[in-house]
Amino acid sequence: NTAQNQILWSLTDFWDDPNLFAVGDDDQSVYRFQGASAANIRDFEKRFPQHTKVFLEKNYRSGQNILDGAFVAVAKNLDRINHEKSLISAGQNREFSGEIFKADLGSRYGELTFLVQKIREELQAGTPPSEIAILVRRNQEIEEIARELPKFGIPVAAQVFENIFDDENVNFLIKMLE
């Protein structure tokens, strides 16, 4: 994020050609999680024009259908740095062929009702609860879902990550740097 870039600029100003290693994914920066932005990657590239890019194109976690579905979601992002980037499934899950679909739901209540219905179908089909995951964009959605699903007899184990800037160690580091 921009704050991390500013720290990096301060730490590397002394050297003409600093030895750095950085990781960034412009496709994930579309979510703006913790200040992520493709502009941060572009700023890094301008600041260190001698950089070498390495594109990771093999994915060892997901089946190709999941990668293809994710690609559809980001392909029209005009802020992408590498419009030619693709991902190839290479891991043990590459043969995964589960169903992926899009549901347009008009309200938050509709979303929760849809989740309850789909989870119940999976549980009735014999899927263990530990094999069902719900991915959300904001932490408050996890809290809401974790509060609502038990009302329908659906067990929940929720994990919420806090804002990094609320962490006392991060704030201590910021104060030291100031």
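For the structure, see preceding data.
Quick notes on the rules
- Residues numbered from 1 in each chain as written.
- Predicted model: local features only at pLDDT ≥ 70, side-chain atom pairs only at ≥ 80, totals over all residues.
- Heavy atoms only, no water.
- Helix = DSSP H or I, 4+ residues; strand = E, 2+ residues; numbered from the N terminus.
- Rg over C-alpha atoms; globule rule 2.2 N^0.38 Å.
- Buried < 20%, exposed > 50% of the residue type's maximum accessible area, 1.4 Å probe, protein only.
- Contact = heavy atoms within 4.5 Å.
- Areas by Shrake-Rupley, 256 points an atom, 1.4 Å probe, with all protein chains shown as cover.
- Lys, Arg positive; Asp, Glu negative; His and termini not counted.
- Charge placed at Lys NZ, Arg CZ, Asp CG, Glu CD.
- Patch = residues over 30% accessible without salt bridge, like charges linked within 9 Å, V, L, I, M, F, W, Y side chains within 5 Å.
- Salt bridge = Lys/Arg side-chain N within 4 Å of Asp/Glu carboxyl O.
- Phe/Tyr/Trp six-rings, centres within 6.5 Å; stacked < 30°, edge-to-face > 60°.
- Core = buried A, V, L, I, M, F, W, Y, C linked by side-chain atoms within 4.5 Å.
- Axes fitted to C-alpha atoms, helices over the stretch in contact; angles between N-to-C directions.
- Parallel < 35°, antiparallel > 145°, perpendicular 65-115°, else oblique.
- Left-handed = near helix turned anticlockwise from the far one by under 90°.
- Nonpolar A, V, L, I, M, F, W, Y, C, P; charged D, E, K, R; others polar.

(A) Geometry of the overall build of the chain. A tally of regular secondary structure across the chain gives six helices and two strands. When the helices and strands of the chain are placed in sequence order, the string is α-α-β-α-β-α-α-α. For the chain, whose C-alpha radius of gyration is 21 Å, the value lies well above the compact-globule estimate of 16 Å for 178 residues. Taken along its principal axes, the extent of the C-alpha atoms in the chain is 60 × 40 × 30 Å. Classification of the 178 residues of the chain by burial places 22% in the buried group. Once local pairs closer than 6 in sequence are excluded, the contacts in the chain between residues at least 24 apart make up 64%. Within the structure as shown, the chain displays about 14,000 Å² of accessible surface, and the carbon and sulfur contribution to it stands at 53%. Each charge sign in the chain was given a centre, from 20 positive and 28 negative side chains, and these centres are 4 Å apart.

(B) Spatial organisation of a nonpolar patch on the surface. A contiguous nonpolar surface patch, about 600 Å² in accessible area, is contributed by Ile-7, Leu-11, Phe-172, Leu-173, Met-176 and Leu-177. Sorting the residues of the nonpolar patch by element identifies helix 1 (2–12) and helix 6 (168–177) as the ones contributing at least two each. Here the nonpolar patch takes four residues from helix 6, the largest share from any one element. Within the secondary structure layout, Leu-177 lies in helix 6. A relative accessible area of 47% means that Leu-177 is categorised as partly exposed.

(C) How the structure looks around the packing of aromatic side chains. Tallied over the entire structure, the rule returns three aromatic pairs. On the numbers, 4.9 Å between centres and 50° between planes, the contact of Phe-44 with Phe-48 is tilted. Within the aromatic cluster, the residues linked to one another by ring pairs are Trp-9, Phe-44 and Phe-48.

(D) The arrangement of the nonpolar core in detail. If you look at the biggest cluster of nonpolar residues, it comprises seven residues: Leu-112, Leu-115, Val-116, Ile-119, Ile-145, Leu-149 and Ile-154. At four residues, the largest contribution of residues to this core is made by helix 4 (residues 108–124). If we ignore the near neighbours within four places in the chain, the residues touching Ile-119 are Ile-132, Ile-134, Leu-149 and Ile-154.

(E) Examining the packing of helix 1 against helix 2 (residues 38–47) more closely. Their axes nearest at 10 Å, the elements helix 1 and helix 2 cross at an angle of 15°. Classed by the angle they form, the pair helix 1 and helix 2 counts as roughly parallel. As helix 1 runs across helix 2, the sense of the crossing is right-handed. Contacts between helix 1 and helix 2 involve Thr-2, Asn-5, Leu-8 and Trp-9 from the first element and Asn-40, Asp-43, Phe-44 and Arg-47 from the second. Taken together, the residues that form the contact of helix 1 with helix 2 break down as three nonpolar, three polar and two charged.

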